[in-house]
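Residue-level structural notes
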Amino acid sequence: MQFARRVGVHGLLRNSGRVLVVQDGAEGEFPGVWRLPGGAVRHAEDPERAVVRQVAEQAGLTVAVTRLLTVVADVATLPEDKTALHTDRLLFELSTPHGALSDGARPASAGPGSARPESVGPGGGLRGVEAGLVDQACWLSLAEVTQLPLTPFTAEALGLPVTPLPPAAHRSRGLFPPQHPDRRLRFGAYGLVTDPAGRILLTQIAEGYPGAGLWHLPGGGTDHGEQPATGLLRELVEEGGQVGRVVELLGVNNLHNPAALGPEGRPLDWHGVRVIYRVLVDVPTDAVVTESAGGSTARAGWFTRDEATDLPLSDIAVVAIGQSGR
């Protein structure tokens with residue numbers, strides 16, 4: 001059994017008590033099953049841009065990202081490929097630039113070769129524009145949605161009962177291409193970690209890793225099958241010796257470095273998708289790196305906000321600490 005990973009994005013778009021859902025076609029991941037619009041993030045693609053693109057392709061709608069609602073992970077076993085596929089899913093709340101759409105709205109087509117959406121389905125809707133991948137895109141009430149076969153992630157996101165799908169409902173062949181030998185996708189969870197006094201916990205990147213010497217947010221890549229928040233709290237113990245609790249999801253940060261040089265010893269086209277949480281350590285202790293020797297963290301420390309801003313910081317630390325001062 002091989003282990004594969006990808007990052008997926010999904011959009012929650014509401015209009016007059018209805019929600020936009022799409023039905024996968026014969027070439028989609030779940031043929032015949034309904035879900036929130038979205039799909040896999042392309043290499044180097046920003047997740048927010050990815051969800052905007054996916055909604056345009058699948059429903060012909062121009063949308064904007066309002067905020068990141070939740071991030072979860074799931075694992076699907078694909079017997080035909082002898083693969084366990086881990087997907088980190090980011091759910092964004094979306095809006096339309098000019099307010100709610102009416103039933104008679106006819107958004108522009110998604111691009112070259114796309115069919116113009118048509119009004120179909122209960123309560124009005126849109127015919128999908130990705131031939132074979134998406135059959136329909138419809139505005140439906142929650143009562144109508146409950147009558148449809150839904151992916152578990154969609155049901156959970158909408159607060160509806162989760163019903164497992166039969167194995168035959170999941171298409172595996174050709175679902176994801178082989179990994180490029182010189183490309184890396186890394187999904188990570190990081191924390192803006194504070195104590196009751198308002199101090200910030202930071203970790204210093206070790207030699208031999210990208211950004212060596214910079215002070216960074218605690219966190220890192222999640223393990224296969226691991227939920228993002230769980231992975232972050234594990235990393236917090238390993239990198240700082242602290243026990244914390246996640247109190248808020250702050251957002252997502254995208255990093256693309258086409259020539260990153262890391263432990264592999266050669267340049268790699270590196271794509272990192274990094275979610276940021278606010279974490280509180282109720283009973284702080286001395287910051288101690290407890291992970292095994294050879295890890296990416298050299299040391300850790302508690303700093304006031306003023307002290308932290310005077311340190312050489314990683315890009316994600318700059319962003320998170322800047323948010324904390326608002």
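Per-chain numbering applies: the sequence of each chain, read as written, is numbered from 1 onward. Only residues with pLDDT of 70 or above have their local features reported here, since the model is predicted, and side-chain atom pairs are shown and tallied only from 80 upward, although totals for entire chains, interfaces and linings are computed over all residues. Note: side-chain values were computed over all heavy atoms of the structure, leaving out hydrogens and water.

1. Points about the pattern of salt bridges
Put simply, a salt bridge is a Lys or Arg side-chain nitrogen that is within 4 Å of an Asp or Glu carboxyl oxygen. In the structure shown here, the tally under the stated rule is 18 salt bridges. Note that Arg278 and Glu248 form a salt bridge whose closest N and O atoms lie 3.0 Å from each other. Note that Arg278 is positioned in strand β15 (residues 267-280) and Glu248 in strand β14 (residues 245-261), a separation of 30 residues in sequence. By relative accessible area, Glu248 is classed as partly exposed at 38%. Every helix listed is a DSSP run of H or I at least four residues long, and every strand listed is a run of E at least two residues long, numbered separately from the N terminus. Burial status follows relative accessibility: with a 1.4 Å probe on protein chains alone, a residue under 20% of its type maximum counts as buried, one over 50% as exposed, and anything between as partly exposed.

2. Description of the side chain of Thr203
Relative to the helices and strands, Thr203 resides in strand β11 (residues 200-205). Note on Thr203: relative accessible area 3%, which makes it buried. Two residues qualify as a contact provided that any one of their heavy atoms is within 4.5 Å of a heavy atom in the partner residue. Leave out the neighbours within four places in its chain, and Thr203 touches Leu214, Trp215, His216, Leu217, Pro218, Glu239, Thr297, Arg299 and Ala300.

3. Quick notes on the sheet that holds strand β1 (residues 2-12)
Hydrogen bonds between backbone atoms are what pair the strands of a sheet, whose relative direction is either parallel or antiparallel. Pairing between two strands is assigned when DSSP locates at least 2 bridges connecting them. Taken in spatial order, the four strands of this open sheet run β5-β1-β7-β6, and their pairing is mixed. Every interior strand has two partners, whereas the edge strands, β5 (38-40) and β6 (64-78), have only one. Between one strand and the next, the sheet's axes are offset by a mean angle of 20°, whatever the strand orientation. Direction of pairing for β1 relative to strand β7 (residues 83-95): parallel, over a ladder of 11 bridges. The axes used here are C-alpha line fits, helices contributing only the stretch in contact, and every angle between their N-to-C directions lies in the interval 0 to 180 degrees.

4. Observations concerning unusual backbone geometry
A positive phi angle is found at Ser16, which is not glycine, with a value near 55°. Locating Ser16 in the fold gives a position in the loop between β2 (14-15) and β3 (18-24). Positive phi, close to 75°, is recorded for Ala44, a residue that is not glycine.

5. What to know about helix α4 (residues 228-240)
For a helix, the expected span equals 1.5 Å multiplied by the residue count minus one. Taking 1.5 Å of rise per residue, the 13 residues of α4 would be expected to cover 18 Å, and the 18 Å separating its terminal C-alpha atoms lies within 8% of that figure. Looking at α4, one finds that the buried residues are Pro228, Gly231, Leu232, Glu235, Leu236, Glu239 and Gly240. All buried residues of α4 fall inside an arc of 145° around its axis, so they share one side. After α4 finishes, the residue Gly241 shows a positive phi value of roughly 70°. Comment: arc refers to directions from the helix axis out to C-beta atoms.

6. Thoughts on the pairing of β7
Counting buried residues along β7, 11 of its 13 residues qualify, which places the element largely inside the surrounding structure. Adjacent in sequence and paired antiparallel, β6 and β7 are bridged by four residues, among which Lys82 carries a positive phi angle near 50°.

7. Details of the confidence of the model for the protein chain
Overall, the prediction assigns the protein chain a mean pLDDT of 86, with 84% of residues at 70 or greater. When mean pLDDT is taken per element in the protein chain, strand β12 (residues 215-216) scores highest with 98 and strand β8 (residues 125-127) scores lowest with 45. Summary of the metric used: pLDDT quantifies the predictor's per-residue confidence within the range 0 to 100. Counting contacts from residues 102-129, a segment whose pLDDT is below 50, to residues more than four positions away or on other chains yields 66 contacts.

8. Concerning the nonpolar core
One finds Leu20, Leu61, Val71, Leu90 and Tyr277 to be the most contacted residues of the largest nonpolar core, which totals 33 residues. A domain split of this core shows at least three residues from each of domain 1 (2-98 + 130-158) and domain 2 (185-324). Beyond its immediate stretch of four places on either side in the chain, Leu90 contacts Val7, Gly8, Val9, His10, Pro47, Leu68, Thr70, Val71, Phe187, Val252 and Val275. Take the buried Ala, Val, Leu, Ile, Met, Phe, Trp, Tyr and Cys residues and link them wherever side-chain atoms come within 4.5 Å; each set so joined is a nonpolar core. Listed in part, the 15 residues of the second largest apolar core include Val21, Leu91, Phe153 and Leu160. In this document the domain limits rely on a domain assignment from an automatic tool or a database.

9. Topic: the environment of Arg35
Inspection of the secondary structure puts Arg35 in strand β4 (residues 34-35). Residues Arg35 and Thr154 lie 119 residues apart in sequence; the distance between their C-alpha atoms is 5.4 Å. In this structure, Arg35 is in contact with Val21, Val22, Asp24, Gln58, Val134, Thr151 and Thr154, ignoring residues within four places of it in sequence. Within the structure, the side chain of Arg35 is placed 3.0 Å from the backbone oxygen of Gly38, a separation counted as a polar contact. Polar contacts here mean pairs of N or O atoms no more than 3.5 Å apart (in protein, one a potential hydrogen donor and the other a potential acceptor; neighbouring residues in sequence count only if both atoms are side-chain atoms).

10. Some remarks on the packing of aromatic side chains
Each aromatic ring pair is summarised here by two numbers: the centre-to-centre distance and the angle between the ring planes. Any Phe, Tyr or Trp ring, taking Trp's six-membered ring, that has another such ring centre within 6.5 Å forms a pair; planes under 30 degrees apart are called stacked, those over 60 apart edge-to-face, and the others tilted. The tally for this structure, following the rule as stated, stands at one aromatic pair. Aromatic side chains Trp215 and Phe303 sit 5.1 Å apart centroid to centroid with 75° between the ring planes, which places their arrangement in the edge-to-face category. Of this pair, Trp215 sits in strand β12 while Phe303 sits in strand β16 (residues 297-303), placing them 88 residues apart in sequence. We note that Trp215, like Phe303, is buried. The ring of Phe153 carries the charged tip of Arg89 above its face, separated from the ring centre by 5.9 Å. Only when the NZ atom of a Lys or the CZ atom of an Arg is both within 6 Å of the ring centre and within 35 degrees of the ring normal do we say a charge sits over the ring.

11. Remarks on helix α1 (residues 47-59)
Along its 13 residues, α1 runs 18 Å from first to last C-alpha, staying within 8% of the 18 Å computed at 1.5 Å per residue. All buried positions along α1 are accounted for by Pro47, Ala50, Val51, Arg53, Gln54, Val55, Glu57, Gln58 and Ala59. Capping the start of α1 is the job of one residue whose side-chain oxygen sits 2.8 Å from the backbone nitrogen of Glu48: Asp46. A positive backbone phi angle near 70° is found at Gly60, which sits one or two residues after α1.

12. Points about the environment of Ala76
Position of Ala76 relative to the elements: it lies in strand β6. The sequence separation of Ala76 and Ala4 amounts to 72 residues, and the corresponding C-alpha distance is 10.0 Å.

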